[in-house]
Amino acid sequence: MRARAAEERLVLELKDGQVTIQFLPDVAPKHVERIKALVGRGFYDGTPFHRVIEGFMAQGGDPTGTGTGGARDAGFPDLPAEFTNKYRFIRGTCGMARSQNPNSANSQFFIMFAPAPSLDGQYTIWGRVVAGMDVVDKIKRGAGGSGMVQGPDRLIRARLVTA
C-alpha cells in the first residue's frame with residue numbers, strides 16, 4: 001500500500017472556533033493556488049464577513065468590507081473561471097465570489113449554509129468545509145436582500161496546515 005501525500009488544508013480562526021477547509025485543486029487549481037498565496041501573505045487576517053445571508057452563505061475576503069475590494073492592488077489579477085460538474089453548491093461548499101463577469105474572481109470567497117443549485121456551473125468551487133461548520137453557522141448575519149452586515153464578524157487568522 002502506497003503512502004498518501006500530505007495534503008494542505010486551510011484553517012480559518014473565527015470568534016467561535018476553527019473551520020477546516022479541504023482544498024479541491026483537481027477542479028480549481030488556479031483558485032486554490034491564489035488562496036494559498038494570499039494566506040501566505042496574511043491577506044485574509046482581520047477581514048470581515050461583509051455579506052452574510054441566512055439560509056444561503058457567508059462571504060468574506062474583501063479587506064475593504066464593501067464587496068468591491070480584492071487583492072488587485074497587491075498585484076493579483078482576476079482569475080479565469082474554473083467551473084466543474086464534479087462538485088455542487090451544497091452546505092459547506094466554498095466558492096469564489098465574482099462580479100457579473102465569470103472571469104472576475106480575485107480574493108473574495110463564500111461558504112454555503114445550504115444547497116444552492118442555481119450556483120452550480122456559475123461560480124468556481126475551490127474547497128469544502130470538513131470540520132467546524134458549527135462555527136460557520138455562528139457568523140453574524142446581515143440584513144435585507146443584500147445581506148450586508150453592520151459590525152461584521154471577522155476572520156481572525158487564516159493559515160495552511162498539513163493533514
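Residues numbered from 1 in each chain as written. Predicted model: local features only at pLDDT ≥ 70, side-chain atom pairs only at ≥ 80, totals over all residues. Heavy atoms only, no water.

A word on the overall build of the chain
Logical step 1: Helix and strand counts for the chain come out as two helices and eight strands.
Logical step 2: Along its sequence from the N terminus, the chain presents helices and strands in the succession β-β-α-β-β-β-β-β-α-β.
Logical step 3: Compactness check: the chain gives a C-alpha radius of gyration of 15 Å against a globular reference of 15 Å for 163 residues, within 12% of the reference.
Logical step 4: Every one of the 163 residues in the chain was classed for burial, and the buried ones make up 49%.
Logical step 5: Nonlocal contacts in the chain, meaning residues at least 24 apart in sequence, comprise 72% of its contacts between residues at least 6 apart.
Logical step 6: Total accessible area on the chain stands at roughly 7,900 Å², and carbon and sulfur atoms take up 51% of it. (Helix = DSSP H or I, 4+ residues; strand = E, 2+ residues; numbered from the N terminus. Rg over C-alpha atoms; globule rule 2.2 N^0.38 Å. Buried < 20%, exposed > 50% of the residue type's maximum accessible area, 1.4 Å probe, protein only. Contact = heavy atoms within 4.5 Å. Areas by Shrake-Rupley, 256 points an atom, 1.4 Å probe, with all protein chains shown as cover.)

Here's the deal with the sheet that holds strand β1 (residues 8-14)
Logical step 1: On the basis of which strands lie adjacent, the open sheet formed by eight strands has the order β3-β4-β6-β5-β7-β2-β1-β8 and antiparallel pairing. Both edges of this open sheet fall to β3 (51-53) and β8 (157-162), since each of them pairs with a single strand only. Neighbour-to-neighbour, the strand axes of the sheet open up by a mean angle of 25 degrees, direction not taken into account.
Logical step 2: Packed on one face of the sheet, helix α1 (residues 29-40) meets β1, β2 (17-23), β5 (93-96), β7 (125-131) and β8 and runs near 115 degrees to β8. (Pairing = 2+ DSSP bridges. Axes fitted to C-alpha atoms, helices over the stretch in contact; angles between N-to-C directions.)

Section: the side chain of Asp 153
Logical step 1: Examined against the element boundaries, Asp 153 turns out to sit in the loop between α2 (133-136) and β8.
Logical step 2: Given the relative accessible area of 13%, Asp 153 is considered buried.
Logical step 3: For Asp 153, the residues in contact, after removing those within four places along its chain, are Lys 15, Thr 47, Pro 48, Phe 49, Lys 138, Ile 139 and Lys 140.

A closer look at the pairing of β5
Logical step 1: With burial as the criterion, each face of β5 is covered, one bearing Thr 93 and Gly 95 and the other bearing Cys 94 and Met 96.
Logical step 2: As paired elements, β5 and strand β6 (residues 109-112) share three bridges and run antiparallel to each other. When the bridges of β6 are listed, Gly 95 appears paired with Phe 110.

Considerations on the packing of aromatic side chains
Two descriptors summarise a pair of aromatic rings, namely the distance from one centre to the other and the angle between the planes of the rings.
Logical step 1: Inspection of the entire model under this criterion finds seven aromatic pairs.
Logical step 2: With a centroid separation of 6.2 Å and 85 degrees between ring planes, the pair formed by Phe 49 and Phe 109 is classed as edge-to-face. Here Phe 109 lies in strand β6 and Phe 49 lies in the loop between α1 and β3, a separation of 60 residues in the sequence. For the pair Phe 49 and Phe 109, one class covers both residues: buried. (Phe/Tyr/Trp six-rings, centres within 6.5 Å; stacked < 30°, edge-to-face > 60°.)

Purely geometric stuff here, so don't read any function into it on its own.
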